[in-house]
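What follows is each chain in one-letter form.
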Amino acid sequence: MMAQYWSLKDKAGDCLLFYRMGDFFELFFDDAKAAAATLDIALTSRGEHGGEPVPMCGVPVHAAESYLARLIRAGHRVAIAEQVESPAEAKARGGSKALVARAIVRFVTAGTLTEEALLEGRSANRLAALAEVGSEGEVSIAAADISTGRFEVVAVRREAVDAELARLAPSELLVSEGAEAPVAGARQIVRRPAGEFASTAGQKRLEALFGVQTLDGFGSFSRGEIAAMGAIAAYLDHVGTGSAVFLQPPLRVSASDRMAIDAATRESLELVRTMAGARDGSLLATIDRTVTAAGARLLADDLASPLTDKGAILERLDLVDSLARDALWRGELRATLRALPDAGRALGRLVAGRGGPRDLAQLRDALGGARLLREHLARRADLPPLLARLLPGLDGHGALVDELTRALIETPPVDAAQGGYIAEGYDHGLDALRETARDGRKAIAVLEAGYRDRTGIASLKIRHNGVLGYHVEVPAKHADTLMAPDSGFTHRQTLAGVVRFNSADLHEAASRVTQAGVHALAAEAAHLETLTEQATQRREAIAASCDVLARIDVAAALADHAMSHNWCRPDLADEPCLDVSGGRHPVVEATLAKSGERFVPNDVSLSEADRLWLVTGPNMGGKSTFLRQNALIVVLAQAGGFVPAASAKLGLVDRLFSRVGASDNLARGRSTFMVEMVETAAILAQATPQSFVILDEVGRGTSTYDGLALAWSVVEAVHEVNRCRCLFATHYHELTRLAETLNALSLHHVRAREWQGDLVLLHEVAEGPADRSYGLAVARLAGVPAGVVKRAEAVLAKLEAGREATGGLAAGLDDLPLFAATLAAAPAAAKDALREALGAIDPDALAPREALDTLYALKRLMADEA
Ligand code: ADP
């Protein structure tokens, strides 16, 4: 057995090997250790290998799916080795000791799933492949979601690979053996033989996959693009989905049709995932009101790739707009869509050969719903152009829907094994078989009554089980009656309380029932196959209809959210501007709303003549929030949605950049000043006059002088060279001097006030520089002990005096009194008085009036202290 195991394990490579033994999949050696740890199941052992016990664990076959799901989620890939002959066949082949032949029938990997239970309904699941052919510095990326058949390919410059992968967020990424692998974007990198990335072989593989003579009908592809797509086809072959896989003809996307957003920017703006990787808390999760899973997947794609084509954006905006204006219509549409099943993924399962009656019913219901929707929409007079264009795509499945409606019962089972899913009246032969089976069962009931009469045993029953089939059962005390030689019954089995018999009549009736049942099952299975074939032949048209439904869902969802949150339709301008009044950050606003707090709206107005805003003000004052809300407004607008503002006008943005100073995102654990500078370098290299850049606390990750100097020169470069629209937040007050020399730079600050010794952050952006940094006030707000803050005030006074006198920052520190001296002078006594008073209170003993008086007294004590 071990020899067989090792040869399979060899084929499985770095996948865990599920080795089928009876009702279990067993894992051995390191596979067993890894699986036991991930699944939290017992690790046992079996036999010995090289003098050591062999570690082993197993999962029951009937529950394998849920275990697979957990292994895949934990980043494993699994090879399934099944028994490919029965024990009897093995015996006939090789004698009684022969080992049952086994073979790997399938690889289960994160990027090639179609099972409903293993997939997240509201997210796409992509398999991507990278190919670099020739030396032009261009890399092709193909991405397939085989659960819905979407297949796209794009060619980008090598520097943009990470950005593109971040957009696609594939769950598995194929790269050629020996090629350099990108770091970001993919959860799992799988190395495949270089031969699978060859463009000539790839072309053949794709032609075979799509059953075409040439790929020309799908568009013209570069060799690199064909290589990347071919690698996907080869991998699908390898994992065992092979020709059964659902891929739509490849769609060639052009990087310039979409806003360029690199990986770091995506991460920092938390478009579809938070920095911690969760969907919750992202822009997507905050605004997602889609009512279908396909809609949710499309909205995620839209937010991840905003458009750059004005016409296309306006088309989407018009649709959202008309849905926003008509709440009744919107509500009807959403109610209709909500009831429709996820036909895209049902189709994926059917094409992959893993579909069942339930999947066909989902197609029936979704496509039937789509047809009604089309009729309903066609009656509207003022249909927005996008909808008018998409509408025909909803229909054309009439014959299939009718056939499925006639063929299937209302709610068929997921699994075909038990039959019963083909409707009465669809096939007269099947009806007759069922009738026979029914008659047979009736005959058996008649027999039962007759036997009771004849034997006088009222407790006699005819039962059915898997081993004996139909049989007569009587309590043990009556057994003798039936045991009599001329009773007409044959003894079959004696159990503790009952004895079981057979009879000739029963046998005959039973075999009629069983035979009819077997034939009926076979007839149903044949129908299932034909219907599946009819549906999958129309796969592309069905997938297109699903896309249309998803697009309507997204538009209605955006409109719905916009209306309930007072969002507005953005205007698109031809010149590079960004004019927003009353702008808000949707995620921060939603978070504040939970605790009943109000978000303070803010305006921005960037134009060619005033394109760089330098924003200063205290920490926690709202600078980052202000920067990000404007980036999000740009993303939302170009994704074709309304924006969180009272009004907004923008010139289209070709590239969006967001950078956060190193010390601000230390939480990510890997950020260093180096990363910050690498990212800043990318902006300076790539931003164009059509770009929008937000820079938050750049230069913070190094010493004061270095940081200030860098921030200074970065602002100058952005202003003079890139000439892009830019919001630059900084705590370096010194940068405000730049306003004197840079004419398209203006100064702004987030307002704060000190009021009765407390710092009040107004979160309001106003013109001009901040009057001071409020750093010490923020420290006090944060609970830094009063003594330490007082000491800092002293140090600050000296520093400032020294700087004025000598120009040296630390020059004034020489005659600074010792720390201990300031501490001694700190009002420790008053603080203790407050503690003492607090300690003396017995809340239970206070009348309401007294409690209030006590509170006032405590406030007075505190005022004394300050
Ligand atoms: P900074 O970048 O100036 O340090 P942040 O933008 O991180 O400040 O904001 C700090 C906190 O202040 C936010 O987490 C949020 O709770 C609150 N805040 C920011 N902007 C606003 C606003 N416009 N209205 C209300 N609260 C805000």
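Residues numbered from 1 in each chain as written. Predicted model: local features only at pLDDT ≥ 70, side-chain atom pairs only at ≥ 80, totals over all residues. Heavy atoms only, no water.

Enquirer: Any chance you could explain the overall build of the protein chain here in plain terms?
Expert: A tally of regular secondary structure across the protein chain gives 29 helices and 27 strands. The globule rule puts the C-alpha radius of gyration for 866 residues at 29 Å, and the 36 Å found for the protein chain is more than 25% above it. Principal axes of the C-alpha set define a box for the protein chain whose edges measure 125 × 80 × 70 Å. Out of the 866 residues in the protein chain, the part that is buried amounts to 48%. Within the protein chain, residue pairs in contact and separated by at least 24 positions form 65% of the contacts whose partners lie at least 6 positions apart. Taking the average location of the 93 positive side-chain charges in the protein chain and that of its 113 negative ones, the two points are 3 Å from each other. (Helix = DSSP H or I, 4+ residues; strand = E, 2+ residues; numbered from the N terminus. Rg over C-alpha atoms; globule rule 2.2 N^0.38 Å. Buried < 20%, exposed > 50% of the residue type's maximum accessible area, 1.4 Å probe, protein only. Contact = heavy atoms within 4.5 Å. Lys, Arg positive; Asp, Glu negative; His and termini not counted. Charge placed at Lys NZ, Arg CZ, Asp CG, Glu CD.)

Enquirer: What's the story with the pairing of strand β15 (residues 469-475) in this structure? I'm lost.
Expert: In regular strands, side chains alternate between the two faces of the sheet. Extensive coverage of β15 is indicated by the burial of 6 of its 7 residues. Relative to β15, strand β14 (residues 461-465) is paired through 5 bridges, and the arrangement is antiparallel. Note on β15: the bridge partner recorded for I462 is V472. Count of turn residues in the β14/β15 antiparallel hairpin: 3 residues. Across 4 bridges, β15 lies against strand β17 (residues 498-503) in antiparallel orientation. (Pairing = 2+ DSSP bridges.)

Enquirer: Explain the nonpolar core to me, please; I cannot follow it from the model alone.
Expert: Among soluble globular proteins, nonpolar side chains are generally buried collectively. Counting residues in each nonpolar core, the largest one holds 77 residues, and the members touching the most others are L303, I552, F692 and L727. Every residue in contact with F692, bar those within four places of it in the chain, is listed here: L578, L606, N630, A631, V634, V653, R655, L656, F657, R725, C726 and L727. Within the second largest apolar cluster, 42 residues are counted, among which are L17, V133, I146 and F221. (Core = buried A, V, L, I, M, F, W, Y, C linked by side-chain atoms within 4.5 Å.)

Enquirer: Explanation requested: a nonpolar patch on the surface in the structure shown.
Expert: Residues L852, L855 and Y856 make up a contiguous nonpolar surface patch of roughly 320 Å² in combined accessible area. Along the polypeptide, Y856 turns up in helix α29 (residues 848-865). Take Y856: its relative accessible area is 51%, and that puts it in the exposed class. (Patch = residues over 30% accessible without salt bridge, like charges linked within 9 Å, V, L, I, M, F, W, Y side chains within 5 Å. Areas by Shrake-Rupley, 256 points an atom, 1.4 Å probe, with all protein chains shown as cover. Salt bridge = Lys/Arg side-chain N within 4 Å of Asp/Glu carboxyl O.)

Enquirer: Where do I start with the sheet that holds strand β27 (residues 758-767) in this structure?
Expert: Backbone-to-backbone hydrogen bonds pair the strands of a sheet. The strands run either parallel or antiparallel. Read from one edge of the open sheet, 7 strands run β13-β23-β24-β25-β21-β26-β27, paired in mixed fashion. Each end of this open sheet is capped by a strand with a single partner; those strands are β13 (260-261) and β27. The pairing of strand β24 (residues 692-696) with strand β25 (residues 725-729) spans 5 bridges and is classified as parallel. What sits directly across from V693, in β25, is C726. Helix α23 (residues 673-686) contacts β23 (655-660) and β24 of the sheet and is inclined by roughly 155° relative to β23. (Axes fitted to C-alpha atoms, helices over the stretch in contact; angles between N-to-C directions.)

Enquirer: When you look at the packing of aromatic side chains in this model, what are you seeing that I'm missing?
Expert: Two measures describe an aromatic ring pair: the distance that separates the ring centres and the angle between the ring planes. Within the structure shown, the criterion is met by 12 aromatic pairs. Considering the side-chain rings of Y5 and F28, the 5.1 Å spacing of their centres and the 85° angle between planes classify their relative orientation as edge-to-face. Of the two residues, Y5 sits in helix α1 (residues 2-12) while F28 sits in strand β2 (residues 24-28), which places them 23 residues apart along the sequence. Considering the side-chain rings of F489 and F501, the 6.4 Å spacing of their centres and the 70° angle between planes classify their relative orientation as edge-to-face. One end of the pair, F489, is in strand β16 (residues 489-494); the other, F501, is in strand β17, and 12 residues separate them in sequence. Across this residue pair, the class does not change: F489 and F501 are buried. Among the aromatic residues, those joined into a ring-pair cluster are Y5, W6, Y19, F28 and F29. When the ring centre of F25 is taken as reference, the NZ or CZ atom of R20 above it lies at 5.7 Å. (Phe/Tyr/Trp six-rings, centres within 6.5 Å; stacked < 30°, edge-to-face > 60°. Lys NZ or Arg CZ within 6 Å of the ring centre and 35° of its normal.)

Enquirer: Is there a simple way to think about the sheet that holds β14 in this case?
Expert: Reading across the sheet, the 4 strands line up as β14-β15-β17-β16 and stay open at both edges, with antiparallel pairing between neighbours. Each having just a single partner strand, β14 and β16 make up the two edges of the open sheet. For this sheet, the mean inter-axis angle between neighbouring strands, taken without regard to orientation, is 40°. Set on the sheet, helix α17 (residues 428-455) makes contact with β14, β15, β16 and β17; between it and β14 the angle comes to about 140°.

Enquirer: Would you mind going over the pairing of β24 with me for this structure?
Expert: With 5 of 5 residues buried, β24 is to be regarded as a mostly interior element. In the sheet, β23 pairs with β24 via 5 bridges, with the strands oriented parallel. Paired with R659 across the bridge in β24 is L695.

Enquirer: Explain the site of the ligand to me, please; I cannot follow it from the model alone.
Expert: Not every one of the 15 residues close to the ligand is listed here, only the nearest: V600, M620, K623, S624 and T625. In the model, a nitrogen atom of the ligand is placed 2.8 Å from a nitrogen or oxygen of the V600 main chain. One of the backbone nitrogen or oxygen atoms of K623 is found 2.8 Å away from an oxygen atom of the ligand. If the ligand stood free it would expose 560 Å²; the protein chains cover 79% of that surface. Contributions of two or more residues to the shell around the ligand are made by α21 (586-594) and α22 (623-638). At 3 residues, α22 tops the list of elements feeding residues into the shell around the ligand. (Near = heavy atom within 4 Å. Polar contact = N/O pair within 3.5 Å; in protein donor to acceptor, adjacent residues only side chain to side chain.)

Enquirer: Whenever I open this one, the side chain of D553 confuses me. Can you help?
Expert: Residue placement: D553 occurs in helix α20 (residues 539-564). No salt bridge forms around the buried D553; measuring N to O, its nearest opposite-charge neighbour R334 is 4.7 Å away.

Enquirer: Explain the environment of G295 to me, please; I cannot follow it from the model alone.
Expert: Mapped onto the elements of the fold, G295 is located in helix α10 (residues 293-304). Sequence-wise, G295 and A550 are 255 residues apart; in three dimensions their C-alpha atoms are separated by 4.2 Å. Setting aside its immediate chain neighbours within four residues, G295 contacts T290, A550, D553 and V554.

Enquirer: Is there a simple way to explain the state of the cysteines in this structure?
Expert: Note: disulfide means a covalent bond formed between the sulfur atoms of two cysteine side chains. Counted by the stated rule, this structure contains 0 disulfides. C57 takes part in no disulfide bond, and the closest cysteine sulfur to it belongs to C15, at a distance of 16 Å. Cysteine C724 shares no disulfide, and the gap to the nearest cysteine sulfur, in C726, comes to 5.5 Å. Using a relative accessible area of 1% as the deciding quantity, one classes C724 as buried. (Disulfide = S-S within 2.5 Å.)

Enquirer: Looking at this structure, how should I read unusual backbone geometry?
Expert: With glycine set apart, most residues show a phi of negative sign, and most peptide bonds adopt trans. The backbone phi angle of D40 is positive, close to 60°, even though this residue is not glycine. Topologically, D40 is positioned in the loop between α2 (29-39) and β3 (44-49). Despite not being glycine, H763 shows a phi value in the positive range, around 55°.

Enquirer: Is there a simple way to explain the pattern of salt bridges in this structure?
Expert: Two side chains bearing opposite charge may form a pair once their charged atoms approach each other closely. As enumerated under the stated definition, the model contains 49 salt bridges in all. Between R279 and D288 there is a salt bridge whose closest N-O contact spans 2.8 Å. The network of salt bridges with common partners includes E424, R434, E435, R438 and E524.

Enquirer: Hey, could you run me through the packing of helix α12 (residues 327-338) against α20 in this one?
Expert: The geometry of a pair of packed helices is captured by two quantities: the angle between their axes and the separation between those axes. For the pair α12 and α20, interaxial distance at closest approach is 10 Å and the crossing angle is 135°. Judged on the interaxial angle alone, α20 and α12 are oblique. Where α12 crosses over α20, the two elements pack in a sense that is left-handed. Counted together, R330, L333, R334 and L337 of α12 and L549, I552, D553, A556, A557, A559, D560 and M563 of α20 form the full contact between these two elements. (Parallel < 35°, antiparallel > 145°, perpendicular 65-115°, else oblique. Left-handed = near helix turned anticlockwise from the far one by under 90°.)

Enquirer: I'm lost on the packing of helix α14 (residues 357-378) against helix α16 (residues 398-407) in this one. Help?
Expert: Two numbers describe how α14 lies on α16: the axes approach to 9 Å, and their chain directions differ by 130°. Judged by the angle between their axes, α14 and α16 are oblique. The chirality of how α14 crosses α16 is left-handed. Residues L360, L363, R364, L367, G368 and R371 of α14 form the contact with α16, whose participating residues are G398, L400, V401, D402, L404 and T405. Residue composition of the contact of α14 with α16, grouped by class: 6 nonpolar, 3 polar and 3 charged. (Nonpolar A, V, L, I, M, F, W, Y, C, P; charged D, E, K, R; others polar.)

Enquirer: What should I look at first to understand the side chain of E164 in this one?
Expert: With respect to the helices and strands, the residue E164 is situated in helix α5 (residues 161-168). Given the relative accessible area of 8%, E164 is considered buried. The residues touching E164, leaving out its near neighbours within four places in the chain, are I141, V154, V156 and R258.

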